[in-house]
Amino acid sequence: MPFLKLVYGKNLKYAFFIILLVPSILLHAQKTLPQNPFRAENEVSGDETPYDVFPLGQMGVVVMRTGMAAFYDENLTLRWNVGFSLDRDYSNAGYEFLNDSLHFIFRGKGKFVYLRISLSDGNGTAKYMNLTLTDNENIDRVQISENKAMFLVSNKDKYRFLMYSYDRDTFVAGEIPLRGSYTCSSVVFDTLYGKVYALFNSASYREDALLLAVSDTLLTEVLLNEVRVNRNDIRLLNGSIAVLGKDEIAIAGSWNFNKNKQDVSYYDKGTSSAGIYAVVCRNGTVDSAATVLKTYSQFSQSNNREYLTQTRVVPLQSVGNNGGGFAVLSEVYERKFFTTTETYYDAYGRIIPYTRTMYEGVSFKNVFCGLFSADGQRKLKNDGLYVFDVSSDNVYSALFDYSAFAQDSSGNILYAFPSEGRVYYRALPAAQDTAHTVYLQDVSGGRLTPLYSGDRVQKNWNNRVINWYGGCFLACGYQQILNHKAPRSVRNVFYLNKLLMGWR
């Protein structure tokens, strides 16, 4: 396998790769045991979580860890495995799949590196970017295209867009004229139609309206518009953006009544909420009277440890008379704590108890899902709103996209989420083909099928389900597996599982 090494020097403008040969660090299969063709595994040590997953649609998937990248095709067959040397203070700021190549931008102390890896053989090139940010500036979003990179950069409550040109090695900036303390809810760089959008909510969550920043990719002018509901008793808390067409976007998020106390988890931006809203915005203008609101009475307001995650919008393709529009997703989660009591003796020999409360993680409770489609000019049609119970004893170290949607060629929509090495799923009522049951082909009784016969999962951590490409999910995560038939009875692995939608 080729090894890519990044070479640095004080006056180097370009960083080059040196190609060497090194043995693969991926898990070598137990050759004597038949393998499941819908699964791939890499070995890990202990309870570590070193891998990042970059789905590339039907082309396949790339997984990365420090100093290594591996490419699997759509059948989870390993095509190449490469290594590269990069200073430890560099972190991945963004990636994009363009023209059979994977493009990354890494940020280090005062420097940016642009990395391009060819999917055909794993060879690549790297280049320093003439872009410097202050230590206090954060990157909220990066979008990579063939000739430029687009950034949303923040410093406390000040935001600006940056457009960096690879060819000219220059950048332009556009300040976003916010007045007051705001937090970015969502940002989208529409490279197809040459637009940039950013949505902001007040940091205190007390303002009724959101602010939508709109500009072109030349950043000649950044305009601000309000997004609000035509009711005085409601405030919009946050929102996510999905591009529907030229100068047309959908905005969807959570809302609450003005009379309610707004509980907020500032650790992970979770909020209490009364429901979900959706609205279409054309040419930067929102028709507040056409906003669709849905109240969820199932959302508990009695426990201030329960919050709603940032909503996200998933575009759905229109197939014949089926589907189209978009889905709105948001999870209800609870912050978990545990207490420990220790004792010590004071100077007089008395026993003194000391109790500490420690943060353990988050546990998901419910998932809110709304389906919407366009119904005439500046209007939306409610295609269904659902609440799915996902309660379990699983505790996760951080929030992530817990639920996913897949859509087959007939427009059927399947919902799925992971739990303890299983994948739970259901066909939504919006599916038109009621004569058949939609299901996942590679899940037996809800349990992910193992790599080898005799595998028994002992422990799971950081499991996810990702919408991979049309009619297909990608399950990934970490497991400890016991198999007495194998040369080594216990192994800790990072796994990838392909899950196909089918019908019968």
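What counts and what doesn't
- Residues numbered from 1 in each chain as written.
- Predicted model: local features only at pLDDT ≥ 70, side-chain atom pairs only at ≥ 80, totals over all residues.
- Heavy atoms only, no water.
- Pairing = 2+ DSSP bridges.
- Helix = DSSP H or I, 4+ residues; strand = E, 2+ residues; numbered from the N terminus.
- Axes fitted to C-alpha atoms, helices over the stretch in contact; angles between N-to-C directions.
- Salt bridge = Lys/Arg side-chain N within 4 Å of Asp/Glu carboxyl O.
- Buried < 20%, exposed > 50% of the residue type's maximum accessible area, 1.4 Å probe, protein only.
- Phe/Tyr/Trp six-rings, centres within 6.5 Å; stacked < 30°, edge-to-face > 60°.

## Focus on the sheet that holds strand 14 (residues 148-155)
Taking strand neighbours across the sheet as the criterion, the 4 strands line up as 13-14-15-16 in an open arrangement whose pairing is antiparallel. Bordering the open sheet on either side are strand 13 (138-144) and strand 16 (170-175), each of which pairs with just one other strand. Averaged over all pairs of adjacent strands, the angle between strand axes in this sheet comes to 20°, irrespective of strand direction. In this structure, strand 15 (residues 158-165) lies alongside strand 16, joined through 6 bridges in antiparallel fashion. Bridging across to strand 16, phenylalanine 161 finds its partner in glycine 174.

## Focus on the sheet that holds strand 19 (residues 210-216)
Strand order in this open sheet of 4 strands is 17-18-19-20, and the pairing throughout is antiparallel. The open sheet is flanked by strand 17 (182-190) and strand 20 (223-227), the only strands paired with a single partner. For this sheet, the mean inter-axis angle between neighbouring strands, taken without regard to orientation, is 20°. Inspection of the sheet shows strand 17 paired to strand 18 (residues 195-202) by 8 bridges, in the antiparallel sense. Residue pairing across strands places threonine 183 opposite asparagine 201, the latter belonging to strand 18.

## A few points about the pattern of salt bridges
Evaluated as defined, the whole model comprises 20 salt bridges. Among the salt bridges present, the one from aspartate 247 reaches lysine 195, with a minimum N-O distance of 3.9 Å. A residue pair is termed long-range when its members are at least 10 positions apart, and aspartate 247 in the loop between strand 22 (240-245) and strand 23 (248-257) and lysine 195 in strand 18 qualify at 52 residues. Judged by its relative accessible area of 23%, lysine 195 falls in the partly exposed class. The salt bridge partner of lysine 261 is aspartate 263, with a shortest N-O separation of 2.9 Å. Assessed through its relative accessible area of 64%, lysine 261 is described here as exposed. The structure contains a network of salt bridges with shared partners spanning Arg39, Glu41, Asp455 and Arg491.

## Topic: the packing of aromatic side chains
For the coordinates displayed, the defined rule picks out 30 aromatic pairs. An angle of 40° between the planes, with centres 5.9 Å apart, marks the rings of tyrosine 307 and tyrosine 333 as tilted. Separated by 26 residues along the polypeptide, tyrosine 307 in strand 29 (residues 306-308) and tyrosine 333 in strand 33 (residues 326-345) bring together distant segments of the chain. As far as burial versus exposure is concerned, tyrosine 307 and tyrosine 333 are alike and both buried. Measuring from ring centre to ring centre gives 5.9 Å for tyrosine 396 and tyrosine 402, while their planes differ by 65°; the resulting arrangement is edge-to-face.

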